[in-house]
Amino acid sequence: MIDTSAFQGKTAKYFTLGCKLNFSETSTFAQILHEMGVRTAQKSEAADICLINTCSVTDVADHKCRQAIHRLVRENPDSFVVVTGCYAQLEAETVSKMDGVSLVLGANEKANLIQFLSEAFVNRENAVKFSAQKTKDIKTFSPSCSRGNRTRYFLKVQDGCDYFCTYCTIPYARGFSRNPSIASLVGQAQNAAKEGGKEIVLTGVNIGDFGKTTGEQFIDLVKALDNVEGIQRYRISSLEPDLLSDELIDYCAHDSRAFMPHFHIPLQSGSDIVLKLMHRHYDRQLFADKIMHIKDVMPDAFIGVDVMVGCRGETPDCFEETFEFLDALPVTQLHVFPYSERPGTSALKIDYVVSERDKKLRSKRLLELSDQKTHDFYQQFVGTTMDVLLEKASRGRAMHGFTNNYVRVELSPADARPEYDNQIMKVRLGDFNAGGNALKVVGI
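Conventions and cut-offs
Residues numbered from 1 in each chain as written. Predicted model: local features only at pLDDT ≥ 70, side-chain atom pairs only at ≥ 80, totals over all residues. Heavy atoms only, no water. Helix = DSSP H or I, 4+ residues; strand = E, 2+ residues; numbered from the N terminus. Rg over C-alpha atoms; globule rule 2.2 N^0.38 Å. Buried < 20%, exposed > 50% of the residue type's maximum accessible area, 1.4 Å probe, protein only. Contact = heavy atoms within 4.5 Å. Areas by Shrake-Rupley, 256 points an atom, 1.4 Å probe, with all protein chains shown as cover. Lys, Arg positive; Asp, Glu negative; His and termini not counted. Charge placed at Lys NZ, Arg CZ, Asp CG, Glu CD. Core = buried A, V, L, I, M, F, W, Y, C linked by side-chain atoms within 4.5 Å. Salt bridge = Lys/Arg side-chain N within 4 Å of Asp/Glu carboxyl O. Phe/Tyr/Trp six-rings, centres within 6.5 Å; stacked < 30°, edge-to-face > 60°. Lys NZ or Arg CZ within 6 Å of the ring centre and 35° of its normal. Pairing = 2+ DSSP bridges. Axes fitted to C-alpha atoms, helices over the stretch in contact; angles between N-to-C directions. Parallel < 35°, antiparallel > 145°, perpendicular 65-115°, else oblique. Left-handed = near helix turned anticlockwise from the far one by under 90°. Nonpolar A, V, L, I, M, F, W, Y, C, P; charged D, E, K, R; others polar. Expected span 1.5 Å × (residues − 1). Arc of directions from axis to C-beta. Polar contact = N/O pair within 3.5 Å; in protein donor to acceptor, adjacent residues only side chain to side chain.

Before going further, it helps to examine the overall build of the chain. Within the chain, the secondary structure is distributed over 14 helices and 18 strands. Against the 2.2 N^0.38 benchmark of 22 Å for 444 residues, the chain shows a C-alpha radius of gyration of 22 Å, consistent with a compact globule. The proportion of buried residues among the 444 residues of the chain is 54%. When contacts within the chain are restricted to residue pairs at least 6 apart in sequence, long-range pairs at least 24 apart make up 75% of them. As displayed, the chain has an accessible area near 19,800 Å², and 50% of this comes from carbon and sulfur atoms. In the chain, which carries 52 positive and 57 negative side-chain charges, the distance between the mean positions of the two groups comes to 5 Å.

Of all hydrophobic cores here, the largest spans 56 residues; its most connected members are Leu-202, Phe-218, Tyr-234 and Leu-366. At six residues, the largest contribution of residues to this core is made by helix H8 (residues 182–194). Leaving out residues up to four positions away in the same chain, Leu-202 has contacts with Leu-155, Val-157, Ile-207, Phe-218, Leu-225, Tyr-234, Arg-235, Ile-236, Ser-237 and Phe-259. Ranked by size, the runner-up nonpolar core spans 21 residues in total, among them Ile-52, Ala-61, Leu-72 and Tyr-87.

So, on to the pattern of salt bridges. Between side chains of opposite charge, pairing is possible as soon as their charged atoms come close. Going through the model one piece at a time under the given rule, you end up with 27 salt bridges. The partner of Arg-342 in a salt bridge is Asp-62, and the shortest N-O contact between them spans 2.7 Å. A residue pair is termed long-range when its members are at least 10 positions apart, and Arg-342 in the loop between strand S13 (333–338) and helix H14 (356–379) and Asp-62 in helix H2 (residues 59–75) qualify at 280 residues. A relative accessible area of 11% places Asp-62 in the buried class.

As a further point, take the packing of aromatic side chains. Note on aromatic pairs: each is described by the distance of the centres and the angle between the planes. Inspection of every chain in the model, using the stated rule, returns twelve aromatic pairs. Ring centres of Phe-302 and Tyr-406 lie 5.4 Å apart, and the angle between their planes is 80°; on these two criteria the pair is classed as edge-to-face. Pair noted here: Phe-302 is in strand S12 (residues 302–309) and Tyr-406 is in the loop between strand S15 (400–403) and strand S16 (408–410), with a separation of 104 residues, a long-range link. Each member of the pair, Phe-302 as well as Tyr-406, carries the same accessibility label: buried. Aromatic pair Tyr-378 and Phe-432: ring centres 6.2 Å apart, planes at 15°, arrangement stacked. Residue Tyr-378 is found in helix H14, and its partner Phe-432 is found in strand S17 (residues 424–432); the two are separated by 54 residues along the sequence. Neither residue differs from the other here; Tyr-378 and Phe-432 are each classed as buried. Aromatic ring contacts, followed pair by pair, group Phe-302, Phe-377, Phe-381, Phe-402 and Tyr-406 into a single cluster. The ring centre of Phe-141 lies 4.8 Å from the NZ or CZ of Lys-156, which sits over that ring.

Within the open sheet, the four strands sit side by side as S7-S8-S9-S10. Their pairing is mixed. This sheet does not close on itself; its edge strands, each paired only once, are strand S7 (145–146) and strand S10 (233–236). Sheet strands touched by H8: S7, strand S8 (153–156), strand S9 (199–203) and S10. Its angle to S8, the strand with the most contacts, is close to 170°.

Before going further, it helps to examine the packing of helix H1 (residues 20–35) against helix H6 (residues 113–122). When two helices pack together, you describe them by how their axes are tilted relative to each other and by the distance separating the axes. In contact at an axis separation of 11 Å, H1 and H6 are set at 50° when each is read in the N-to-C sense. The angle between H1 and H6 falls in the class oblique. The two elements H1 and H6 meet at a crossing, and its hand is right-handed. Of the residues in H6, those touching H1 at Phe-29, Ile-32 and Leu-33 are Leu-113, Ile-114 and Leu-117. Of the residues assigned to the contact of H1 with H6, the class counts are six nonpolar, no polar and no charged.

Direction vectors running N to C along helix H9 (residues 218–226) and helix H10 (residues 246–255) enclose 20°, while the axes themselves pass 10 Å from each other. Between H9 and H10, the crossing angle belongs to the class labelled roughly parallel. As for the relative orientation of H9 and H10, their crossing is right-handed in sense. Taken together, the residues of H10 that come into contact with H9 (itself represented by Phe-218, Ile-219, Val-222, Lys-223 and Asp-226) are Glu-247, Leu-248, Tyr-251 and Asp-255.

Okay, H2 next. Taking 1.5 Å per residue as the helical rise, H2 with its 17 residues ought to reach 24 Å, and the 24 Å between its terminal C-alpha atoms agrees with that figure. All of the buried residues in H2 are Ala-61, Asp-62, Cys-65, Ala-68, Ile-69, Leu-72 and Val-73. Within H2, the buried residues cover an arc of 125° as seen down the axis, which keeps them to one side. In this structure, the buried side of H2 is in contact with strand S1 (11–16), strand S3 (49–54), strand S4 (80–85), helix H3 (86–90), helix H4 (92–96) and strand S5 (101–105). Regarding H2, its N-cap is Thr-58, as a side-chain oxygen of that residue lies 3.3 Å from the backbone nitrogen of Val-60 further along.

With that settled, consider the environment of Val-60. Within the fold, Val-60 resides in helix H2. A residue is classified by how much of its surface remains accessible, and Val-60, at 47% relative accessible area, is partly exposed. Distance in space between the C-alpha atoms of Val-60 and Ser-340 is 8.0 Å, their sequence separation being 280 residues.

Here we take up the sheet that holds S17. One closed barrel accounts for five strands, arranged S14-S15-S16-S18-S17; its pairing is mixed. For this sheet, the mean inter-axis angle between neighbouring strands, taken without regard to orientation, is 55°. Across three bridges, the pairing between S17 and strand S18 (residues 439–443) is antiparallel. In the sheet register, Leu-429 faces S18, and the bridge partner there is Val-441.

We now examine the pairing of strand S11 (residues 262–268). The buried count for S11 comes to six of seven residues, which makes it a mostly enclosed element. Pairing geometry for S11 and S12, over six bridges, is parallel. Within S12, the position partnered with Gln-268 by the bridge is Val-307.

See below:
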């Protein structure tokens, strides 16, 4: 039993780097602490507790983690600083030696973060400074279904990865694939519905691998969640192409009540040579077949694609293959990121190295291609009427929302109403906004 008396009236700040999964976990921790009497500190207010959930997908991410830790320690000099997440798992001892850091928790310990925090917070002098088990011993699953200050809920359905791609440290940072039961996830979705949630995003590291722990199947999870009353929309954050079954695509297209025509599928490279060097589990033909099948049964589906540029072994010819491959595919948006050398990965054994200059040039070309594809996709819906889940304005932005197929729309300040937040409404879509990244609502 945790004694919450020490936390009554305390304040906390939260900082998250990396993926949607991290944001979901941080939001859950914040919710638990709030229930223990901890309020979120104002921006200009020094906090009693700082929680930093880190990422380590690239060396840039590592650098941002260090910067965030230094900044929060500087701005909150007397705070109890907790660092967790992927960077904390991979560099636990290093992080624990940083000035001002009070507690470092790895992937296994994250599941019991509140317990570790409670014990260390009241006994700072004798507390263990860091705790991070080896990858093979990471077996716990930390559940999370929360929305933080967002409209959509993020439901963590899986964690870890067994793939060990040559460029990636995630299996070392998060451990092997594991998941909770379908029944427990349905229960969390039902609770979200009771709280007024209308849309849930399924998050995880390798979601399509769901079932390693329980012997269940991802398609069965999808069907079970589809039956939860009150949840009107589901989105799947990312699915590996070799784990995206035709059965799932067809179910979403023809039978599902609430799963949206929206997919995010990692490609990484459109060159079979590079895919082999990466130890990916598919070739470009399989990827193309999945894209074309989605478009055959869901012509209006939004398809986002992850693509990496400049990895070891990506010659100019290999990059041109990738560019031409993506140019020819009916995908909607590209998430482009440059390859980053990660210590301990087998990619370092590949001889051919791409210069930083070429990485930037390749990224620029793909981002320009992405902008054009997204613009062309949005253009199809100018003048149409669609259902949109509206979200309150934040950080100076206009009230906005997304259609079922993830077209971003914005309301003018004159048309926005507080009561529209978290409501699905039929709106008529006009032309692009000034920034060119959303369609304007011209009628409700």
